[in-house]
Amino acid sequence: MRFYAQTPARRTRQVLVDVIAVALIAAAVWAALAVREVVMLLAEPGRTVESSGDSLAEELGNAGDAASDVPLIGDVLQRPLRSAADASSGFADAGASLQDTVGQVADVVTAVLIAGPVLVVLLLWLPPRLLWIRRSSALRRLAEAPGGADLLALRALTGPPGALAGLPAPPAGWADAWRRGDQQAIGDLSRLALEHVGLRP
C-alpha cells in the first residue's frame, strides 16, 4: 500500500495538501486553546471572592475565638462573629462555584472550537486521500496480475479523451491497436493509466 504517488507532480500536490490539512488542524487547536485562556479570565473574580471569603472567615473565626475568652459576655460576642465567619465561607464557596462554572464553559467552548474545524478538515481531506490509496493499490495489483496490462489499456481507452492527446496514436487508432493486441500500444496505454493516478509502471 502506497500513501503517496510515485510521480513528482502528484506527490508534491499530495504532500502539500497533507501539510495544509495538518496546519489547519494545528491552527484550530491553537485558536481554541487561546480562546480558552480568554474565557478562563472570567474565573478571576471567582478566585478573588474565594480568597477574600476564606481570609475573612478565618479572621472572623479567630476574632470569635478571642471573644469567647472575654468574661461573662464571651459567648454573646462569639455567636455573631461565628455567624459572620460562616457567611464568609459561603462567599468563598460561591467564588469556587463560579470558577467551576467558568471552567466547564471553557471546556465546552474549547471542545466545540476544536471539533468543528477538525471535522470539516477531515471530511474534506481524508475521504479523497483514502480513495486514492485504495484506487492506487487496486491498479497496482491489476498491473501485476496476468492480463493486467490489457485491462489497464482498456481503462485508459475508456477514460477521459484528453488523456490520450499527449501520446502519438498508431495509424489505425488506439482502439484498433488494442483489439489487435499490439503490445507497444497496450504498454503505452497501461503506462498512461498508471501515470493518471500517479504510479509508475
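Residues numbered from 1 in each chain as written. Predicted model: local features only at pLDDT ≥ 70, side-chain atom pairs only at ≥ 80, totals over all residues. Heavy atoms only, no water.

Engineer: Got a sec to walk through the overall build of the chain? Specific residues and values, please.
Structural biologist: In terms of helices and strands, the chain carries six helices and zero strands. Traced from its N-terminal end to its C-terminal end, the chain shows the element sequence α-α-α-α-α-α. Within the span of the chain, comprising 201 residues, buried residues form 28% of the whole. Of all intrachain contacts in the chain linking residues separated by at least 6 positions in sequence, the fraction that spans at least 24 positions is 71%. (Helix = DSSP H or I, 4+ residues; strand = E, 2+ residues; numbered from the N terminus. Buried < 20%, exposed > 50% of the residue type's maximum accessible area, 1.4 Å probe, protein only. Contact = heavy atoms within 4.5 Å.)

Engineer: Which residues make up the pattern of salt bridges, and what values do they have?
Structural biologist: Pairs can form between side chains of opposite charge once their charged atoms are near each other. Counted under the stated rule, the structure contains two salt bridges. Where arginine 129 meets aspartate 18, a salt bridge forms, and the shortest distance between an N and an O atom there is 3.1 Å. Taken together, the residues span a long stretch of sequence, with arginine 129 in helix H3 (residues 74-144) and aspartate 18 in helix H1 (residues 8-40) at a distance of 111 residues. Between arginine 36 and aspartate 107 there is a salt bridge, with its nearest N and O atoms 2.6 Å apart. Of this pair, arginine 36 sits in helix H1 while aspartate 107 sits in helix H3; the two residues are 71 residues apart in sequence, bridging distant segments of the chain. The partly exposed category is assigned to aspartate 107, whose relative accessible area is 40%. (Salt bridge = Lys/Arg side-chain N within 4 Å of Asp/Glu carboxyl O.)

Engineer: Mind laying out the packing of aromatic side chains, listing which residues take part and the relevant values?
Structural biologist: Overall, the coordinates contain zero aromatic pairs when judged by the stated rule. Seen from the ring of tyrosine 4, arginine 129 lies directly overhead, with NZ or CZ sitting 4.6 Å from the centre. (Phe/Tyr/Trp six-rings, centres within 6.5 Å; stacked < 30°, edge-to-face > 60°. Lys NZ or Arg CZ within 6 Å of the ring centre and 35° of its normal.)

Engineer: Tell me about the layout of surface pockets, and name the residues and values.
Structural biologist: When its volume is computed, the largest pocket comes out at roughly 220 Å³. Lining the largest pocket are Arg10, Arg13, Gln14, Val17, Trp125, Pro128, Arg129, Leu131, Trp132 and Arg135. Broken down by secondary-structure element, the contributors of at least two residues to the lining of the largest pocket are H1 and H3. (1 Å grid on protein atoms, 1.4 Å probe; cavity = no way out; pocket = protein on both sides within 12 Å on 5 of 7 lines; lining within 4 Å. Points joined across faces, edges and corners; volume = space filled by probe spheres on them.)

Engineer: Requested: an account of a nonpolar patch on the surface, with residues and values cited.
Structural biologist: On the surface, a nonpolar cluster with roughly 520 Å² of combined accessible area is contributed by Met1, Phe3, Tyr4, Val15 and Val19. Residue placement: phenylalanine 3 occurs in the segment before H1. (Patch = residues over 30% accessible without salt bridge, like charges linked within 9 Å, V, L, I, M, F, W, Y side chains within 5 Å. Areas by Shrake-Rupley, 256 points an atom, 1.4 Å probe, with all protein chains shown as cover.)

Engineer: Hey, could you go over the environment of valine 118 for me, with residue numbers and the actual values?
Structural biologist: Position of valine 118 relative to the elements: it lies in helix H3. Between the alpha carbons of valine 118 and valine 29 there is a distance of 8.5 Å; along the sequence they are 89 residues apart.

Engineer: Would you mind going over the side chain of aspartate 18 in detail, with residue names and values included?
Structural biologist: Accessibility expressed as a relative area gives 9% for aspartate 18, which makes it buried. At 2.7 Å, the side chain of aspartate 18 forms a polar contact with the side chain of tryptophan 125. What aspartate 18 contacts, discounting residues up to four positions off in sequence, is Tyr4, Trp125 and Arg129. (Polar contact = N/O pair within 3.5 Å; in protein donor to acceptor, adjacent residues only side chain to side chain.)

Engineer: How would you explain H1 if you had to name every residue and give the values?
Structural biologist: Here H1 is 33 residues long and its end C-alpha atoms lie 48 Å apart, about the 48 Å a rise of 1.5 Å per residue gives. All of the buried residues in H1 are Gln14, Asp18, Ala21, Ala28, Ala32, Val39 and Met40. (Expected span 1.5 Å × (residues − 1).)

Engineer: Help me get a handle on the side chain of threonine 110, residues and values and all.
Structural biologist: Looking at the secondary structure, you find threonine 110 in helix H3. Contacts of threonine 110, omitting those with residues within four sequence positions, involve Ala32, Leu33 and Arg36.

Engineer: Can you lay out the confidence of the model for the chain for me, pointing to particular residues and giving the numbers?
Structural biologist: Regions with low pLDDT carry predicted coordinates that are not meant to be interpreted in detail. Chain-level pLDDT for the chain is 77 on average; 73% of the residues reach the 70-or-more range. Mean pLDDT across the elements of the chain bottoms out in helix H2 (residues 44-67) (61) and peaks in H1 (90). (pLDDT = per-residue confidence, 0-100.)

Engineer: Tell me about the environment of leucine 124, and name the residues and values.
Structural biologist: Following the sequence through the fold, leucine 124 ends up in helix H3. For the pair leucine 124 and alanine 21, spaced 103 residues apart in sequence, the C-alpha to C-alpha distance is 9.1 Å.

Engineer: Outline the packing of helix H4 (residues 148-158) against helix H6 (residues 183-196), listing residues and values.
Structural biologist: Contact pair H4 / H6: the axes reach a minimum separation of 7 Å and the direction vectors enclose 70 degrees. Between H4 and H6, the angle is such that the two are roughly perpendicular. Here H4 and H6 pass one another in a crossing that is left-handed. Side by side, H4 and H6 meet where Ala149, Asp150, Leu152, Ala153, Ala156 and Leu157 of the first sit next to Ile186, Leu189, Ser190, Leu192, Ala193 and Leu194 of the second. Residue composition of the contact of H4 with H6, by class: 10 nonpolar, one polar and one charged. (Axes fitted to C-alpha atoms, helices over the stretch in contact; angles between N-to-C directions. Parallel < 35°, antiparallel > 145°, perpendicular 65-115°, else oblique. Left-handed = near helix turned anticlockwise from the far one by under 90°. Nonpolar A, V, L, I, M, F, W, Y, C, P; charged D, E, K, R; others polar.)

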